[in-house]
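Observations on the three-dimensional arrangement
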Amino acid sequence: MTRVFLGTYAPKLDEKGRIILPAKYRDELASGLVMTRGQERCVYVFSQREFEDLHGRIRQAPVTSKQARDYLRLFLSGASDEIPDKQNRVTIPATLREYAGLGRDLTVIGAGSRVEIWATEAWNTYYAEQEASFADTTEEVIPGLF
């Protein structure tokens, strides 16, 4: 069973482009993970198993769909599989660091089936923009769920 990633953490990016994985995420990610471009200019981190499941679902999109082809190209061309070292550090590839504007100060959040890595300033801006609408939600956000 895949673990649900929860919480918010503030690791630092070291001079070699590595972060130490939050302790609560280590078991699920220890055997391997995949990082790729996320939406809203963050980095998505999936366990190897979750990424393989996700890729299997994405592959079912018709090859005749330009939108599906475009999404798949951007999503997979930025992907990098990594294995954490003995100190639970993982390198964020330079292309992904650049894409997400990552500097030393990071915010790492659990987003259910994935982890997201944000530049702290970008996360704080996003959070401030979204918090008011989150608090004021009066309609069904996810049909059939809540």
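- Taking an unreviewed UniProt entry as the reference, the protein chain is identified by name as Transcriptional regulator MraZ belonging to Frondihabitans cladoniiphilus.
- For the record of the protein chain, the UniProt heading Subunit (unreviewed entry) holds the text "Forms oligomers."
- The Sequence similarities (unreviewed entry) comment attached to the protein chain in UniProt states, word for word, "Belongs to the MraZ family."

**Describing the pairing of strand β3 (residues 33-37)**
- In terms of residue burial, β3 counts as a mostly covered element, since four of its five residues are buried.
- As defined by bridge partners, β3 adjoins strand β4 (residues 43-47) across five bridges and the pair is classed as antiparallel. Bridge pairing in β4 places Leu33 opposite Ser47.
- The hairpin formed by β3 and β4 contains five residues between the paired strands, and Glu40 there has a positive phi angle of roughly 60°.
- As defined by bridge partners, β3 adjoins strand β5 (residues 80-82) across three bridges and the pair is classed as antiparallel. Directly across from Met35, in β5, lies its bridge partner Ser80.

**What to know about the sheet that holds β4**
- Across the sheet, which stays open at both edges, the six strands sit in the order β1-β7-β8-β4-β3-β5 with antiparallel pairing between neighbours. Looking at the sheet topology across the chains shown, the edges are occupied by β1 (8-9) and β5.
- Contacts between helix α2 (residues 48-58) and the sheet are confined to β3, β4 and β5, with β4 contributing the most and set at about 100° to the helix.
- Here helix α3 (residues 66-77) sits on the sheet in contact with β3 and β4, set at roughly 125° to β3.

**Things to note about the pattern of salt bridges**
- Within the structure shown, the criterion is met by eight salt bridges.
- For Lys66, the salt bridge identified is with Asp70, shortest N-O distance 2.7 Å. Of this pair, Lys66 and Asp70 both sit in helix α3, four residues apart, which is roughly one turn of the helix.
- Overall, Lys66 belongs to the exposed group, its relative accessible area being 52%.
- Via salt bridges that share partners, Lys66, Asp70 and Arg73 belong to a single interconnected network.

How each quantity is defined
- Residues numbered from 1 in each chain as written.
- Predicted model: local features only at pLDDT ≥ 70, side-chain atom pairs only at ≥ 80, totals over all residues.
- Heavy atoms only, no water.
- UniProt positions renumbered as here; feature names shortened; annotations may be inferred.
- Buried < 20%, exposed > 50% of the residue type's maximum accessible area, 1.4 Å probe, protein only.
- Helix = DSSP H or I, 4+ residues; strand = E, 2+ residues; numbered from the N terminus.
- Pairing = 2+ DSSP bridges.
- Contact = heavy atoms within 4.5 Å.
- Axes fitted to C-alpha atoms, helices over the stretch in contact; angles between N-to-C directions.
- Salt bridge = Lys/Arg side-chain N within 4 Å of Asp/Glu carboxyl O.

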